[in-house]
Amino acid sequence: MEVIEQQFKNAFAYAPIGMAIISVRGKVSYANKVWLRLFEYTEEEMMDKQLIELTYQEDRAKLTIHIDQLLEEDDKGIAVEKRCIKKSGEIIWIRLNLSVVKNDDGSTRELLGLAEDITAEKKSKEQLKQSEERYRSLAENSPDLITRHDRNFRYLYASPQIYQFIGAKAEDVIGKTYREVGLPEELCVFFDKHLAIAFQTKRLNILEHEMPGWNVHSYSRLVPEFDEKGEVVSILVLTSDITERKKADVELQRLAAHLQLATESAQLGTWWYNIKTKKIGWSPLLKRMWGYDTERNDLDFNHWHGVIHPADKQMALTLLQQSYENHTPYDAEYRIIRADNEELRWIRSLGKYHHNAEGELTTLTGVSLDITSQKETEEKLRKSEERFRGTFENAAVGISHVSPEGKWLLVNQRLCEITGYSEEELLQRTFQDITFKDDINEDVDLLRHLYNGSIPNYSLEKRYIHKSGSIIWVNITVAPVRDSKGKPEYFISVIEDINERKLALEKLKLSDERFRLLNKATRDAIWDWNLFTNELIWNEAVTTVLGYRTDEVDNSINWWKERIHPDDREQVIKGIYQVINEGGSSWMDEYRFRCSDGSYKSVLDRGFVLQNHEGKSIRMLGSMQDVTERKRFEANLKEQEERFRTLANSISQLSWTANGDGWIYWYNQRWYDYTGTTFEEVQGDGWKTIVHPDHLLYTTTVLKEALDRSEPFELTFPMRRRDGFYRWFLTQAYPLKNSEGKVVQWVGTSTDIHDQKTVSEKLEILVGERTKELQRSNEDLLQFAHVTSHDLKEPVRKIKIFASRLESELQNTLSDKTKLFLQKIQHSADRMGAMIEGVLAYSTVNALEQKIDQIDLNQIIRNIESDLEVVIQQKQAIIKTTPLPSIQGAGVLIYQLFYNLINNSLKFSKPNEPPFISISAANVENGFVKIIIKDNGIGFEGEYAEKIFNAFIRLNTKDKFEGTGLGLSLCRKIVQRHGGSIRASGRKNEGATFQIMLPIKQASVIL
C-alpha cells in the first residue's frame, strides 16, 4: 500500500498536465506544479483559492452548473472547455476534467481536477479563419485580374476584376474553359499553350500579350501551385492592364534623361564648380548646410574645403582629383564642422563633369546631402544588434547583462520568474543583493579573474534568495563583452534553474485512489517506464486514444518502439535516450504512432525522468496526447499562408501585412527587391526610413487617423529605391476584423505611380515658367479692379442720390406704384454697392502683404459679437464659445474669416427659431488647431458641401436671404493663405458645420 501511495504522489506531482484537489465547496486544497505554472500562482497563493475565482466572469455560471451536475450524478466525470484568468490578468482557454473522489462509506470527499491549456488550439482555428479572409481580401482588392485554373484549363477561381477584362462576372466563369467563356480563338490557343507549358515545366511563366479586338495590352504571370508531393495541381494567373504604360513608354524614355538629374537633386544642396576660373557656386540650402549666411556671395573653394573635418580633408580632395583625371562622377562621404556652431555633420556629395564642344572639361555640378541621421542610426543599430544577439540566444533560461560593479543592466522574463522579482525591481539591485551570503565571495572572486582576463569564462552552482525569502539553486555561466580596447563593458550571465532537480526526491508523493482517478479521468495515454526492467505500463486511455484492446497491449518498451512511424522512429528513440543518458529531467517530442487499425495519429509525447538519491535515472512517467486535429489545423493554416505568400510575391505591387495597431511584421519579396532593406530594418514602423523626409509628417498623420477609424485608406508619397532614388507610390490598405468587429490585421499594397507623377511634374515646370507673366497680369487685374470699383461706385451713388431727391420732392404727388418702383431702385443700388465691395475684397485678399501678429481668437470672437450686437439681439441668438487658442496670422483677415462665418449663421437661421451657434477648438498634432463652428440654421444638402465655396454660388434666392455669393469663397482664400483648410458639412433644415484647420505658427513674418 505504501508503494502504491508513493507511486500516486510521484505521478500527481510530476504529471505532465495540471492537477488539483478541490473540496466540494470549490476550494483548491492542493495543486501540482503544472497547475501552478498554468495559473502563475505560488503554492501558498493557490491554497484555499476558489475554483470560480480562476474562471473568466462570463464562464462562471456554466461551470457552477457542471459542478452541481457532477455532484448529483455520483461517479460520472465531466469535461468542459472554458476561459480562465491567470494571476497576471491574461485570459487563457483550458480543457477541465473533474472527477469525484469518495470516502469508504461512499460519500463524496473531494474533487480531482485536470487542466490542459488549449489556448494555442483556439488561436490556431482563429488564425486559419483570418488567413482565408486575408487571402480573399488581397485577391479581390488588387487592381490585377487573378484567376486559378486546373489541369483541364477550367476556371477554379476568378477575382471580380474579370468583368473589366472580358465582360463576364466571376461566378459565371467558374468550371468553364476559355472557349466556353467565349474568348477569341486566338487568345484561347495562346493561353492553352502557355498553361500547358507551366504545368509541364513547373516554373513561373511571364507573358506580354494583346487582347484581340479590345486594343488592350496585358502582362500575365502564370504561377504553379503545388501539393505536398511537389506536383502542380493548379496555375495561378495574375493579369495586369499595361496599355497606359505602353503608351507612356516612348514619352517617358524621351523625358528620362532630362528629368534624372533634376529628380536626384530635389531637396538637396546644389553646387557648381568652374574648372578654369576655380569659382564655386552655392545654393542657399548648401550655405545653410555648411553653416554660412545665405546672403554671402564671397564663398569660394576654400570655404567648402575649410570646414571639412581634418581627418577627411585629404580623402575628399583625393576623390575629387581622381574623378577629374578619370572623367568619372564624384562621390564622397565626409564629415564637416559647421562654420556657425561647430556642429559635426556627415555629408555625401555627388558631382558630374560637363564638356565643351571641344571635349574639354568645363564645369562640375553636383549635390550634397546631410546623412548624419543615417550614420547615427546605422551605428545605433549595429550596437543594438550585437547586444541582442549576445543576450537572447537561449530564452529558455535566465539571461542578464551585468555591469562590472554587479548591477543588473538587462534581464529577461525567465530570470524574473526564477528570482520572483519584476524587471524593474531587479534593475534597481545588484547580483550580490540576491545571492546567498555563503556564495558571494566565490562568485565575486571568479568575476574578478574574468575581468582581469585570467580566465575566459566560468560556471558556478550557487544559491539565490527568492523574493519570497526561499532559497533556490541555480547554475550560472558568465562571459565578458569587451570594448575595442579589451576592457569589459558588461558581462553576459546565463542562469539555469536547477532547484527542482536538487529537491526532486523530497517532493515525490503518491496515492492509490488518486493514481486510479488520474488514469481514468485523463484523455491522454499515461505511461510508466521502469528504466531497469524496460517494463512499460499504460493506462486505460491507450484503448480509447489508439483503439487497442487491453489484450493487444504488451507491457514492454519494444511494443512502443515498433509502432512509431518508420520515418520518425530513429529520431524519437535517439532523443528520449539522450535525455536519459545525459541526466536530463524531461523529454518531449511529436511523432506519428500506429493505431490498432493500421492508421497513424500525430501525438505529442512528454515524459519526466525520476532519479534516485545518487542522481541516477530510474523511471520515466509521461503522457501521449492525440494532436492529429491540431496538426490538421496547422497544415491548413500553413497551406493558406503559402497561398497568400505565393500570391503576394507574384503581384506587381509591394505588399505587406500588419497587426491591428499598424505594426508591420511581413513584406513580400518585391518590397525587399525595390528597397534593398532587410526585415530587421523595416519591421514595425521601420518603413518610415524609406519615405521621403518631406512627406513623412503628412504620411504618418494620415496613417494614424486611418488606424483610429479602422477603415480602408489610401495615400500617395515617394519611397526610396535601393539606389537612393525616390519614386512615387500609391499605398492602399484594408483591415481584417474578427468576429467582434475588432481589427486584428491590416493588408496593404503599394503601387508604383512614379511615371504618371513625373509627367504631372513636367507640366508643373511649364506652368512655373509663366508664373512671372501671370503675376504681372494679376497686378494689372488688381489695378483694374480698384479703378473699376471706383468708376462703378460713382454711378451707383448718383442713382441713389437722384432717386432720394425724386422721392423727397414728389412724395405727395407720387402714386403707390411709383413709390414701389423708387424703393426697388434704392434696393437694387444698395445690392450693387455691396456687390462692388465684395468683388473688390475678393480680388485683393491675396494681393496685399499682411503682417503676422499673435492673435487671440477669443478676443476676435468678442469683437465680432460686439459688431453684430444689434442682429444678435433682434434674432435672440445664443453664441456658445469654449476657450480658443492663440495663433499667428493676419489679424484683419482672421477677423474677416470668422465675421463672415458667424454672420452667415445669423443670416441663414430658421424664421421661428432663435439661432444657436457653438464655437469650439481641438488641438491637432503637427502644429495645427481645429476650429469648429456649428449652427442650427436652415443648413444645406450634402452635395453642395464643396460648391458653396465657389464665387457667386447661392443656394437660396436673394428675396429670402441677402448676400453677394462671395462670403464663403473669401473665407477659403483667407484660410488657404494662412496654410490651412476649411470644409463644410450639413443637412437640410438641420444646420451647418464648418471645420477650419489653421497652423498655430507661420513660417515667415509677412503673409
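Residues numbered from 1 in each chain as written. Predicted model: local features only at pLDDT ≥ 70, side-chain atom pairs only at ≥ 80, totals over all residues. Heavy atoms only, no water.

As named in an unreviewed UniProt entry, the protein is histidine kinase, taken from Chryseosolibacter indicus. In its Catalytic activity (unreviewed entry) section, UniProt records this for the protein: "ATP + protein L-histidine = ADP + protein N-phospho-L-histidine." (UniProt positions renumbered as here; feature names shortened; annotations may be inferred.)

On to the overall build of the protein, then. In terms of helices and strands, the protein carries 33 helices and 37 strands. The proportion of buried residues among the 1007 residues of the protein is 41%. Long-range pairs, those at least 24 residues apart, make up 51% of the contacts in the protein between residues at least 6 apart in sequence. Accessible surface computed for the protein: about 55700 Å², of which carbon and sulfur atoms make up 50%. (Helix = DSSP H or I, 4+ residues; strand = E, 2+ residues; numbered from the N terminus. Buried < 20%, exposed > 50% of the residue type's maximum accessible area, 1.4 Å probe, protein only. Contact = heavy atoms within 4.5 Å. Areas by Shrake-Rupley, 256 points an atom, 1.4 Å probe, with all protein chains shown as cover.)

On to the nonpolar core. Burial of nonpolar side chains together is a common tendency in soluble globular proteins. In terms of nonpolar packing, the biggest core is built from 39 residues, with Phe 898, Leu 901, Ile 902, Ile 919, Ile 931, Phe 994 and Ile 996 touching the most fellow members. If you list the elements that add at least two residues to this core, you get helix H30 (857–867), helix H32 (891–907), strand S34 (916–924), strand S35 (928–935), helix H33 (967–977), strand S36 (981–986) and strand S37 (992–999). Looking at this core, the element that brings in the most residues is H32, giving seven residues. Aside from chain neighbours lying at most four places away, what touches Leu 901 is Ile 933, Leu 968, Cys 971, Ile 982, Phe 994 and Ile 996. (Core = buried A, V, L, I, M, F, W, Y, C linked by side-chain atoms within 4.5 Å.)

With that out of the way, let us pick up the pattern of salt bridges. A side chain of one charge can pair with a side chain of the opposite charge if their charged atoms are brought near each other. Applying the stated criterion across every chain yields a total of 50 salt bridges. For Asp 298, the salt bridge is made with Arg 296, and the minimal N-O distance between the two is 3.0 Å. On the basis of relative accessible area, Asp 298 is assigned to the partly exposed category, the value being 46%. Beyond isolated ion pairs, a larger network of salt bridges with shared partners links Glu 81, Arg 95, Glu 116, Glu 121 and Lys 122. (Salt bridge = Lys/Arg side-chain N within 4 Å of Asp/Glu carboxyl O.)

Next up on the list: helix H8 (residues 185–201). The terminal C-alpha atoms of H8, which comprises 17 residues, lie 24 Å apart, in line with the 24 Å expected from a rise of 1.5 Å per residue. Buried residues of H8: Leu 187, Cys 188, Phe 191, Asp 192, His 194, Leu 195, Ala 198 and Phe 199, and no others. Backbone geometry just downstream of H8 places Lys 202 in the positive-phi region, at approximately 60°. (Expected span 1.5 Å × (residues − 1).)

Okay, the sheet that holds strand S16 (residues 398–402) next. Strand order across the open sheet formed by five strands is S17-S16-S20-S19-S18, with antiparallel pairing between neighbours. Two strands lie at the open edges of the sheet, namely strand S17 (408–411) and strand S18 (458–465), each paired on one side alone. Taken pair by pair, the neighbouring strands of this sheet meet at an average axis angle of 30°, ignoring direction. Packed onto the sheet, helix H17 (residues 437–452) meets S18, strand S19 (471–482) and strand S20 (488–497) and runs at close to 145° relative to S18. (Pairing = 2+ DSSP bridges. Axes fitted to C-alpha atoms, helices over the stretch in contact; angles between N-to-C directions.)

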